[in-house]
Amino acid sequence: MGTGVGGGVVIDGKVHLGATKGAGEIAHQIVNPDGPMCGCGSQGCVEAMTSSEAIAKLAGVKTPEEAYERAIAGDKQTIHSYEEAGKWIGIAMANVMAILSPDVFVLGGGVSQSGDLITKYALAEAKRRSHLFEGEVFKIVPAQLGVYAGAIGAALNGAAVSGDKYNIVAKYAYEGYPANPNGSDFNTAMMCDTTGRHLVMMPHIERSTFPWNWAHYPERGQKDEVSPWLEAFVNARKWIENKK
């Protein structure tokens, strides 16, 4: 929440993009059909009602910073502008809760840093508007990444999406060591070219023949002559023999 109002839906730790790759535009719900025009071309969107510009305009000041300073000083008109913005955010939250029932609402951006000036009104309105759930289900927490949230999110999303560009044919069971002995991105164990003829993997099988080749090796296998990875060579030989 700031100059504009963005939004996103995170499910199981991943941003949900939907069929259009643009899901989560929570701030472009139309909550006031007779409200001001929004930059998206619609009328009465949450963004048009709650942006920093909208708050400053309603408070009768030139900048959001001036609105904030007046509000904490107790100016009634300015406090009312935050109350009004909180109302529209609360309505939007009630709508989202009815559709998605999220565990938590995370608020970030300059406006949200106003703290209780806006969140208390948003929470109160969300509870007042929602009759499908108990009011306690609405949880609002502040975002932790501050002004860097957008940049960090973009970088993480780019890293996640780039994994789709590789032909990853085998992955380790989970991210942490020792299941992923490489610390490789996307838990990659094996990759191949588009033909499937050229395979690369880490650790290299030929360098993992003996238990002492491994940084981590189960104690129960310390007396092994060779590591179980040698079985790959055995299976490869048997496959070739069967193809003769």
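These numbers were taken from a predicted model, which means no experiment stands behind them.

About the cut-offs
Residues numbered from 1 in each chain as written. Predicted model: local features only at pLDDT ≥ 70, side-chain atom pairs only at ≥ 80, totals over all residues. Heavy atoms only, no water. Helix = DSSP H or I, 4+ residues; strand = E, 2+ residues; numbered from the N terminus. Buried < 20%, exposed > 50% of the residue type's maximum accessible area, 1.4 Å probe, protein only. Contact = heavy atoms within 4.5 Å. Areas by Shrake-Rupley, 256 points an atom, 1.4 Å probe, with all protein chains shown as cover. Core = buried A, V, L, I, M, F, W, Y, C linked by side-chain atoms within 4.5 Å. Patch = residues over 30% accessible without salt bridge, like charges linked within 9 Å, V, L, I, M, F, W, Y side chains within 5 Å. Salt bridge = Lys/Arg side-chain N within 4 Å of Asp/Glu carboxyl O. Pairing = 2+ DSSP bridges. Axes fitted to C-alpha atoms, helices over the stretch in contact; angles between N-to-C directions. Parallel < 35°, antiparallel > 145°, perpendicular 65-115°, else oblique. Left-handed = near helix turned anticlockwise from the far one by under 90°. Nonpolar A, V, L, I, M, F, W, Y, C, P; charged D, E, K, R; others polar. Polar contact = N/O pair within 3.5 Å; in protein donor to acceptor, adjacent residues only side chain to side chain. pLDDT = per-residue confidence, 0-100.

**Describing the overall build of the chain**
Working step 1: When its secondary structure is counted, the chain shows seven helices and seven strands.
Working step 2: Reading the helices (α) and strands (β) of the chain from amino to carboxyl end gives β-β-α-α-α-α-β-α-β-α-β-β-β-α.
Working step 3: When burial is assessed residue by residue, the chain has 30% of its 244 residues classed as buried.
Working step 4: Considering only intrachain contacts with a sequence separation of at least 6, the fraction spanning at least 24 residues in the chain is 43%.
Working step 5: Entry remark: accessible area of the chain is about 16200 Å², with carbon and sulfur atoms responsible for 55%.

**Quick look at the nonpolar core**
Working step 1: In terms of nonpolar packing, the biggest core is built from 28 residues, with Tyr-82, Met-93 and Ile-118 touching the most fellow members.
Working step 2: For this core, the elements supplying multiple residues, two or more each, are helix 1 (46-50), helix 2 (52-59), helix 3 (64-72), helix 4 (76-100), strand 3 (105-107) and helix 5 (116-129).
Working step 3: Of all the elements, helix 4 adds the most residues to this core, at nine residues.
Working step 4: The residues touching Tyr-82, leaving out its near neighbours within four places in the chain, are Ile-55, Pro-64, Ala-67, Tyr-68, Ala-71, Ser-114, Leu-117, Ile-118 and Tyr-121.

**Brief notes about a nonpolar patch on the surface**
Working step 1: A surface patch of nonpolar side chains, amounting to about 260 Å² of accessible area, comprises Val-10, Val-15 and Leu-17.
Working step 2: With respect to the secondary-structure elements, Leu-17 resides in the loop between strand 2 (14-15) and helix 1.

**Section: the sheet that holds strand 6 (residues 188-192)**
Working step 1: One open sheet holds the three strands; their spatial order is 5-6-7, and the pairing between them is antiparallel. Only two strands of the sheet have a single neighbouring strand rather than two, namely strand 5 (168-171) and strand 7 (199-201). Between one strand axis and the next, the sheet turns through 20° on average, direction left out of account.
Working step 2: The pairing of strand 5 with strand 6 spans three bridges and is antiparallel. Across the sheet, Ala-170 pairs through a bridge with Met-190, a residue of strand 6.

**Digging into the packing of helix 2 against helix 4**
Working step 1: Viewed as axis vectors pointing N to C, helix 2 and helix 4 meet at an angle of 140°, and their least axial separation amounts to 8 Å. On the basis of their axis angle, the class for helix 2 and helix 4 is oblique. Here helix 2 and helix 4 pass one another in a crossing that is right-handed. Along its contact with helix 2, which presents Ile-55, Leu-58 and Ala-59, the element helix 4 presents Gln-77, Thr-78, Ser-81, Tyr-82, Glu-84 and Ala-85.
Working step 2: Broken down by class, the residue content of the contact of helix 2 with helix 4 amounts to five nonpolar, three polar and one charged.

**Brief notes about the side chain of Thr-50**
Working step 1: Mapped onto the elements, Thr-50 comes out in helix 1.
Working step 2: The exposure class assigned to Thr-50 is buried, which follows from its relative accessible area of 0%.
Working step 3: In this structure the side chain of Thr-50 is engaged in a polar contact, spanning 2.8 Å, whose partner is the backbone oxygen of Val-46.

**A look at the confidence of the model for the chain**
Working step 1: Taken residue by residue, the chain gives an average pLDDT of 81. The fraction at 70 or more is 84%.
Working step 2: Model confidence for the chain, summarised as mean pLDDT per element, is weakest for helix 6 (residues 149-162) at 69 and strongest for helix 4 at 91.

**Remarks on the pattern of salt bridges**
Working step 1: All chains considered together, the criterion is met by five salt bridges.
Working step 2: Residue Glu-84 pairs with Lys-87 through a salt bridge whose shortest N-O separation is 3.4 Å. Taken together, the residues Glu-84 and Lys-87, both in helix 4 and three residues apart, mark about one turn of the helix.
Working step 3: By relative accessible area, which is 21% here, Glu-84 ends up partly exposed.

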